[in-house]
Amino acid sequence: MAENGANGSKMVGKQSIFFKDPPYIVASASIAGKKEGEGPMGSLFDLVQMDPMLGKNTWEEAESELMKEAAQTALQKAGLKNTDIRYLIGGDLLGQLIATSFGIAELEIPILGIYGACSTMGEAMSIGAMLVDGGYADKVMAITSSHFAGAEKQFRFPLDYGNQRPYSASWTVTGSGAVIISKQKNQNSSEPGVIIKGITTGKIVDYGLKDSMNMGAAMAPAAYDTIKQNFQDLGVDPNYYDKIITGDLGYVGKNILIDLLKENNYDISNIHMDCGIEIFNEDDQDTHSGGSGCGCSAITFASYILKQLKERSWKRVLFLPTGALLSQVSFNEGKTVPGIAHAVIVEAE
Amino acid sequence: MSNQKKGSVSNVVSEQDTKKRNENYNQYVKEVTPKFSMAKNMLQAFLVGGIICTIGQCFINYYKYLGAGEDMAKSYNTVTLVFLAVLFTGVGVYQKLAKFGGAGTLVPITGFANSVAAPAVEYKKEGQIFGIGCKIFTIAGPVILYGIFSSWVLGLIYYILKLLKIV
């Protein structure tokens, strides 16, 4: 297995990093919508919001509120104040990051707004961990959100328009997830520490698919590329991980990813999990290919995945939120749907 | 099927030429993506569309019974169906009907009403001018534009044929 390079370099292989002092994830928050609350992970979320509008006037205000609640809950759980956070790294799906800008403005934390479509949580955690390990911050927060109705309005049709969604379409998760990444372990907690050991940053991968209603298939090649690169950079194989967890490939994308990796003699079928598949109940909730959106991987990580790591059911996971980099404009102009996937190596101490 | 599927994914991974790889990938994705049953969808559309049209016929007969002429009864019927579709859109029922009925709810005038009402509800928050005003026809716009344009073209053809004394 590869170690850090010569002269204390943290770069590993082509696209990966091993942190010198791996930062800790000291707190997390998951705020979910009603449908997500009724799903298999419902009892694990910090808060389930039954009102899709959250008492606000617009979907955009509602999603902003989700994000604010996630940030505040994470701070509260960590026993920190907003002034303790050096940077906030976050983004969402709404045009020009509406939810991020309006949701966390009043927290007055220096912020780096990012866009990685549904891979945003992986990107935010990667940048956050780099800032902490690099000594540029002692505590940062990575945060993201999505809202079913807001995403439908922005990327598809108004909510009340009657149409049929294909089986390959996914259901945007209403929710916001946040984690606080810190240089030091949470001293007050008796739970085992969870560290970000390293990252593999993804490239934009485009296999020429144009169907925006089959995002799992558009993103699967990106997940494949990042996972393969991670194995090569680190000099490991799937056995290195207890779980490889993709963001929102759904049923269609999951099978494609496993197929693609099998062609490279990597079999991940036993250890692969997809947040989009886990978050909803396929039989009862009519979500077709599964959940999607920034919130999908974020709230799954902040609740279920961190819990498994703290309980040491899993020792080491590769967490890999996946994003489809399309906009309504690029789609109307006949462009393909490029994919991206950012991997974060998370370990229980 | 499984052999064919396996074959095509290896064509994706082994192909060096990007354009060919993308073609192979599109082909492979087509094979592994589940689809609606065409027969089931058509049957559902036939049923739902048929029921909507039967209700429409009932309205026409009723308006005629009340004393309206043939043309007026049809116009009253259109107004009634549009009103009902907008009402059902507002209370969130039409979407469920459309999910089941597909084109059966899209083709009758009720589908058109839904496609105008839905953006009106959604974009109301963005204001009367830039919200409802600009965006109310985002879905129905093409139908209106090309509907008017094609009737203009047909009118022109009819006019020329008439000049040539063909019709």
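Up top is the structure.
It should be emphasised that the depicted structure is a prediction, and the values quoted were computed from it without experimental measurement.

Caption draft 1: Quick peek at the interface of chain B and chain A. Counting residues at the interface gives 36 residues for chain B, matched by 35 residues for chain A. Where chain B packs against chain A, one counts 2 salt bridges. Ionic pairing is found between Asp 286 of chain A and Lys 99 of chain B, a salt bridge with its closest N-O pair at 3.2 Å. Inspection of the chain B/chain A interface yields 16 residue pairs in polar contact (both at pLDDT 80 or more). When contributions to the side of chain B that touches chain A are tallied by element, the ones reaching two or more residues are helix H1 (2-14), helix H2 (18-32), helix H5 (94-101) and helix H7 (109-123) of chain B. Class assignment of the residues belonging to the side of chain B that touches chain A gives a composition of 17 nonpolar, 11 polar and 8 charged.

Caption draft 2: The arrangement of the state of the cysteines in detail. Counted by the stated rule, this structure contains 0 disulfides over all chains. Looking at the unpaired Cys 275 of chain A, the closest cysteine sulfur is the one in Cys 296 of chain A, lying at 5.6 Å.

Caption draft 3: Layout of the environment of Gly 208 of chain A. Tracing the chain through its elements places Gly 208 of chain A in the loop between strand E10 (194-200) and helix H6 (215-234). The spacing of Gly 208 of chain A and Thr 336 of chain A is 128 residues in sequence and 5.5 Å in space, taken between C-alpha atoms. Excluding residues within four positions of it along the chain, Gly 208 of chain A makes contact with Thr 336 of chain A together with Asn 22 and Asn 26 of chain B.

Caption draft 4: Structural context of the side chain of Glu 123 of chain A. All names here are of chain A. Relative to the assigned elements, Glu 123 resides in helix H4 (residues 120-133). It turns out Glu 123 is buried and unbridged, and the closest side chain with the opposite charge, Lys 203, is 16 Å from it. Once you skip the residues sitting within four places of it in the chain, Glu 123 turns out to touch Ile 114, Tyr 115, Gly 116 and His 342.

Caption draft 5: Expanded view of the environment of Leu 54 of chain A. Residues and elements named next belong to chain A. Relative to the assigned elements, Leu 54 resides in the loop between strand E4 (47-49) and helix H2 (59-78). Along the primary structure Leu 54 and Gly 95 are separated by 41 residues, whereas in three dimensions their C-alpha atoms are 20 Å apart. Ignoring sequence-local partners within four residues, the contact set of Leu 54 consists of Gln 49, Ala 62, Glu 65, Leu 66 and Glu 69.

Caption draft 6: Main features of unusual backbone geometry. Residue and element names in this part refer to chain A. Of note, the phi angle at Leu 54 is positive, near 50°, even though the residue is not glycine. The phi torsion at Ala 117 lies on the positive side, around 50°, for a residue other than glycine. Here Ala 117 shows up in the loop between strand E6 (111-113) and H4.

Caption draft 7: View of helix H3 (residues 38-65) of chain B. Residue and element names in this part refer to chain B. Here H3 is 28 residues long and its end C-alpha atoms lie 40 Å apart, about the 40 Å a rise of 1.5 Å per residue gives. For H3, the complete set of buried residues consists of Gln 44, Ala 45, Val 48, Gly 49, Ile 52, Gly 56, Ile 60 and Tyr 63. Where H3 is buried, its residues touch helix H4 (70-90), H5, helix H6 (103-106) and H7. Just downstream of H3, Gly 67 is the residue with a positive phi angle, here 115°.

Caption draft 8: View of the packing of aromatic side chains. Under the defined criterion, the tally for this structure stands at 15 aromatic pairs over all chains. An aromatic cluster is present here, built from Phe 59, Tyr 62, Tyr 63, Tyr 65 and Tyr 76 of chain B joined pairwise through their rings. Lying over the aromatic face of Phe 18 of chain A, Lys 197 of chain A brings its terminal NZ or CZ to 5.2 Å of the ring centre.

Reading the values: rules and limits
Residues numbered from 1 in each chain as written. Chains lettered and ligands numbered in written order. Predicted model: local features only at pLDDT ≥ 70, side-chain atom pairs only at ≥ 80, totals over all residues. Heavy atoms only, no water. Contact = heavy atoms within 4.5 Å. Salt bridge = Lys/Arg side-chain N within 4 Å of Asp/Glu carboxyl O. Polar contact = N/O pair within 3.5 Å; in protein donor to acceptor, adjacent residues only side chain to side chain. Helix = DSSP H or I, 4+ residues; strand = E, 2+ residues; numbered from the N terminus. Nonpolar A, V, L, I, M, F, W, Y, C, P; charged D, E, K, R; others polar. Disulfide = S-S within 2.5 Å. Buried < 20%, exposed > 50% of the residue type's maximum accessible area, 1.4 Å probe, protein only. Lys, Arg positive; Asp, Glu negative; His and termini not counted. Expected span 1.5 Å × (residues − 1). Phe/Tyr/Trp six-rings, centres within 6.5 Å; stacked < 30°, edge-to-face > 60°. Lys NZ or Arg CZ within 6 Å of the ring centre and 35° of its normal.

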